[in-house]
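Remarks on the overall topology
If you want the building blocks of each chain, they are given just below.
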Amino acid sequence: MSYEYDLFVIGAGSGGVRAARFAANFGAKVAIAEERYLGGTCVNVGCVPKKMFVYAAQFHEDFEIARGYGWTTTGLNFDWQTLIANKNKEIAELNEVYRDLLVDTGVALLEGHAKLIDNHTVAINDKVYTANYILIAVGGWPYKPDFIGSEYAITSNEAFTLAKLPRNCIIVGGGYIAVEFASIFNGLGVETTLVYRGERFLKGFDDDLRNRLAEEMVKQGVKLKFNSNINKIDKLANSVFEVTFDSGDTAKSELVFYATGRHPNLANLGLENTQIKLDLTNVPTAIFSLPNVATVGLTEQQALQTGYQIEVFESYFSALKLTLTDSDEKTYMKLIVDKVSNKVLGCHMLGENAGEIIQGLAIALKAGATKELFDQTIGIHPTAAEELVTMRTARI
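Residues numbered from 1 in each chain as written. Predicted model: local features only at pLDDT ≥ 70, side-chain atom pairs only at ≥ 80, totals over all residues. Heavy atoms only, no water.

With 5 of 5 residues buried, strand β2 (residues 30-34) is to be regarded as a mostly interior element. A two-sided burial pattern is seen for β2, the buried positions comprising Val30, Ile32 and Glu34 on one face and Ala31 and Ala33 on the other. Read as a crossover between parallel neighbours, the route from strand β1 (residues 5-10) over helix α1 (residues 14-25) to β2 is right-handed. The pairing of β2 with strand β3 (residues 108-111) spans 4 bridges and is parallel. Note that in β3 the partner of Ala31 across the bridge is Ala108. (Buried < 20%, exposed > 50% of the residue type's maximum accessible area, 1.4 Å probe, protein only. Helix = DSSP H or I, 4+ residues; strand = E, 2+ residues; numbered from the N terminus. Right-handed = clockwise from strand over helix to strand, strands pointing away. Pairing = 2+ DSSP bridges.)

We now examine helix α9 (residues 354-366). An α-helical segment advances 3.6 residues per turn. Residues three or four places apart therefore align on the same side. Helix length check: α9 (13 residues) gives 18 Å between terminal C-alpha atoms against 18 Å at 1.5 Å per residue, within 8%. Among the residues making up α9, those that are buried are Ala354, Gly355, Ile357, Ile358, Leu361, Ala362 and Leu365. Along its buried surface, α9 packs onto β16 (285-287), β17 (293-297), β20 (344-350) and α10 (371-376). Two residues or fewer after α9 comes Gly368, characterised by a positive phi angle close to 80°. (Expected span 1.5 Å × (residues − 1). Contact = heavy atoms within 4.5 Å.)

So, about the environment of Ile184. You can see Ile184 is positioned in helix α6 (residues 176-187). On a C-alpha basis, the gap between Ile184 and Phe53 in space is 6.4 Å, while along the polypeptide they are 131 residues apart. In contact with Ile184, other than residues within four places in its own chain, are Lys50, Phe53, Val54 and Ala57.

On the surface, Tyr55, Phe59, Phe63 and Leu76 cluster together to form a nonpolar patch covering roughly 390 Å² of accessible area. With respect to the helices and strands, Tyr55 occurs in helix α3 (residues 47-67). The class of Tyr55 is partly exposed, set by a relative accessible area of 44%. (Patch = residues over 30% accessible without salt bridge, like charges linked within 9 Å, V, L, I, M, F, W, Y side chains within 5 Å. Areas by Shrake-Rupley, 256 points an atom, 1.4 Å probe, with all protein chains shown as cover. Salt bridge = Lys/Arg side-chain N within 4 Å of Asp/Glu carboxyl O.)

This paragraph deals with the environment of Leu350. Its location among the elements puts Leu350 in strand β20. For the pair Leu350 and Thr323, spaced 27 residues apart in sequence, the C-alpha separation works out to 18 Å. Other than its neighbours up to four places away in sequence, Leu350 contacts Leu209, Arg212, Leu213, Glu216, Pro291, Asn292, Val293, Lys330, Thr331 and Tyr332.

This is how it looks when you write it as structure tokens:
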């Protein structure tokens, strides 16, 4: 059967645009549909602006560290509006970059809502298109529970366009976004409380990483309120809100921020008319909290539950950068190794540049690297990353 396109991509976010471009570069005839903004969540209200906010927040700590190296850092001021304006300018430019990338590679950009008719047919703007392959890259949207006063709470979407920086905030959630924005607001001088209904945030991550990150965030001034949830929000005078917790306790805050997960953008997509295929393993991930967390492969708990006999290697230390300062921040690294095959099953890190370091190790895990190969690798001294190839004594 002859199709109009070789590939039809639904969603012009980072994943969709890259897939479309690469397919077009290999000679495929490609179309891409987008109903909101080019670059998707990542470019507009996600990874990119969030990382900019993380950099802004990190300067607070950097200025403190600089004093130990002889710098005078008095008279410093932070202006929220400048950050927002510069961020907006960069995002607008990135939107155009994404458009140019598609146009330059010959990808047909169709702006509007796409709906799947069957495995090879898509309807958009009252027109029907056919394709040999259809890639769904629609991303997600913030989820906020419905309760009394929930309309007063914002999500990550609105956090990037706040008119002013609040003096205090309550962030609800225990995933990436909640943890990252708790670090961001705290680093920008906002009195920050993170509320999570479970015993510890970042469920699914290695337990040692979760516990040590909690310790570091408390050191930096973030208030952690675990095993707790909000029942209602009341609006008071002067743009202040009062939240009531399930315990009956109350607290006042200028901002209530819900980061309680994201739902995929599947409304009216027509998935029921198709058969979907999924699977990826050893996917590296990073949390741009302060300090950063990054991980790839199995956690200690996952390895044990899977039935592996394991060895655990770890290192917990103060980074060289902090030796001339009063900071007591610690870096933590952990390797999970299969005792039988000597294969490294998981790598986990808490500390500066964790994402940059673990990205490289993801290649090693994909290639099936053993602990012996890690041991045979020369460490670059002095770096934090050298710890990952110098661990010799197993904890268990």
